[in-house]
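Observations on the model geometry
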Amino acid sequence: MKIETTINIIKEIYNLPTIKHREEVNLEFFNHICKKHYFITITLFDFKNRLFIFRDFGKNYGWELLGGSINNNTIFDFHDAIQEIAEKTIETRVFDIQPIAFIQNQFDYKKSSITHIGISFIARPLNKLNVKADIEWGFMKTLPPKMFMTNLKIADLAFKIIKQTTNLPSLKEAVTSENLSLRRLLHKNLINPLFDKFSSDKIKKYIFKNLADKFKTFLDVSSGDDDLIIDIANKFNPDLIVCNDISPASLDFLKEKINNTKLEEKIIFTNHNILELPFRYKFDVVFCKNTFHHFKNDQEILDALKIFKNLGRKILIIDIEDPQDSTILAKIWNKYYVYFLNDQGGYFLNKEKFKKLLSRCFLANEFVVKDILTVKGNYLLAIIES
């Protein structure tokens, strides 16, 4: 997806503020920035909600946030750009990535001027940081008095957003796919295909049957590495699909599947905590698959349902029914997912409880729950139109 297209989509689905900056610069600096018109900044927070800042004495910029310019001439994915910047500067990948503002920097030299457009993101590190020895850095709970250009305004906004966050993302959920890539490849390429006809294909038919023939926008709130989202894109051809997951590795798998295809212009990938989805947009369809058993309690499920209600005109939720109330095969499959694939979820619902939770957020005539019996157990499919 081209940079301009990505920026327009981000504007539409997040409704971000714009931070503007203008200054006079010397000729050397002006010539240096002429070929670089787009950039990214990253306000990195640890799990104590402290902000990462650094200063490179060789550059004489003062305290800075992570960031870098973007190549104008390539197919652009902002998550790839963010990971590249993070790995280059602090030698770790990041997750829980949220855009918080557009940045507009205008630089003037005599009668000439150039404008740079940037997007500022919040993120958290997946691993320990490894910063170059000649760079001073730290995690701060308060802002330093002076920072480079718009960095102070960006950091101030980021602190305000972080303070409003009530649900911290699960690091375990984020790194599971990173640590078990070989097992997951074995699962996807050998184990799963053997049983697709009796499980995944059956579920897919139900989902396709209950999707509207024509919808323009589609949000998958927790795609994982399931390429069902690609099948949906190919069959229904919506204008926009937002593919979200808390695991960067899961998103990377799906990105590889659509590389150099027409779907690159239709699918945008996001990396948000499902309980803190920052979208400010109404999607035609909100889709959630195999996620509810990852919640810790009823309240988290209710919080998720309220979020979905605000984001979607039609909502489809599918999850495995409690294996303990199901067949012996369902129990065996559950142990396989837990012990071989290290699945983090364990809060399963039966049909009666699922319907009770739905009824606390939706009217009785707004939803229906269907059973899909598969070799892996009974799946519950909720179809909601509120």
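This text follows the structure it describes.
Before going into details, it helps to say that this report is about the structure given with it. (Residues numbered from 1 in each chain as written. Predicted model: local features only at pLDDT ≥ 70, side-chain atom pairs only at ≥ 80, totals over all residues. Heavy atoms only, no water.)

**Examining the overall build of the protein chain**
Looking only at helices and strands, the protein chain has twelve helices and 14 strands in total. What you see for the protein chain is a C-alpha radius of gyration of 22 Å, in line with the 21 Å of a compact globule of 386 residues. Once the C-alpha set of the protein chain is aligned to its principal axes, its extents read approximately 75 × 40 × 40 Å. By the burial criterion, 53% of the 386 residues in the protein chain qualify as buried. If you take every contact in the protein chain between residues at least 6 apart in sequence, the share linking residues at least 24 apart comes to 76%. Of the accessible surface of the protein chain, which amounts to about 19,100 Å², a share of 50% is contributed by carbon and sulfur atoms. (Helix = DSSP H or I, 4+ residues; strand = E, 2+ residues; numbered from the N terminus. Rg over C-alpha atoms; globule rule 2.2 N^0.38 Å. Buried < 20%, exposed > 50% of the residue type's maximum accessible area, 1.4 Å probe, protein only. Contact = heavy atoms within 4.5 Å. Areas by Shrake-Rupley, 256 points an atom, 1.4 Å probe, with all protein chains shown as cover.)

**Side note on the pattern of salt bridges**
Following the criterion strictly, the structure yields 17 salt bridges and no others. Across the salt bridge formed by Glu385 and Lys314, the nearest N and O atoms sit 4.0 Å from each other. Separated by 71 residues along the polypeptide, Glu385 in strand E14 (residues 377-385) and Lys314 in strand E12 (residues 312-320) bring together distant segments of the chain. Take Glu385: its relative accessible area is 48%, and that puts it in the partly exposed class. Lys314 gets classed as buried once you look at its relative accessible area, which sits at 13%. Through salt bridges with shared partners, a single ionic network connects Asp77, Asp80, Arg93, Asp252 and Lys255. (Salt bridge = Lys/Arg side-chain N within 4 Å of Asp/Glu carboxyl O.)

**With respect to the sheet that holds E12**
Pairing in this open sheet of seven strands is mixed, and the strands run E10-E9-E8-E11-E12-E14-E13 from one edge to the other. Both outer strands of the open sheet, strand E10 (267-270) and strand E13 (367-374), are each paired with one neighbouring strand and no more. Looking at each pair of strands side by side, their axes are set apart by 15° on average, direction ignored. Across the face of the sheet, helix H12 (residues 351-359) comes into contact with E12, E13 and E14 while running at roughly 155° to E13. (Pairing = 2+ DSSP bridges. Axes fitted to C-alpha atoms, helices over the stretch in contact; angles between N-to-C directions.)

**Examining helix H7 (residues 200-210)**
Those residues of H7 that fall on the buried side of the exposure criterion are Ile203, Ile207, Phe208 and Asn210. Looking at the buried positions of H7, the neighbouring elements they touch are helix H8 (228-236), strand E11 (283-289), E12, E13 and E14.

**Things to note about the packing of aromatic side chains**
Here the distance between the centres and the angle between the planes together describe a pair of aromatic rings. Counted under the stated rule, the structure contains 24 aromatic pairs. Summarising the aromatic geometry, the rings of Phe29 and Phe107 are spaced 5.7 Å apart at their centres and angled 65° between planes, so their arrangement reads as edge-to-face. Here Phe29 is found in helix H2 (residues 27-33), whereas its partner Phe107 is found in strand E5 (residues 94-109), with 78 residues between them in sequence. For Phe29, a relative accessible area of 23% translates into the label partly exposed. For Phe107, a relative accessible area of 3% puts it in the buried group. Taken together through their ring pairs, the aromatic side chains of Phe195, Trp333, Tyr336, Tyr337 and Phe340 make up a single cluster. A cation over an aromatic ring shows up here: Lys11 above the ring of Phe102, its NZ or CZ 5.6 Å from the ring centre. A cation sits over an aromatic face here: Arg124 above Phe47, 5.5 Å from the ring centre. (Phe/Tyr/Trp six-rings, centres within 6.5 Å; stacked < 30°, edge-to-face > 60°. Lys NZ or Arg CZ within 6 Å of the ring centre and 35° of its normal.)

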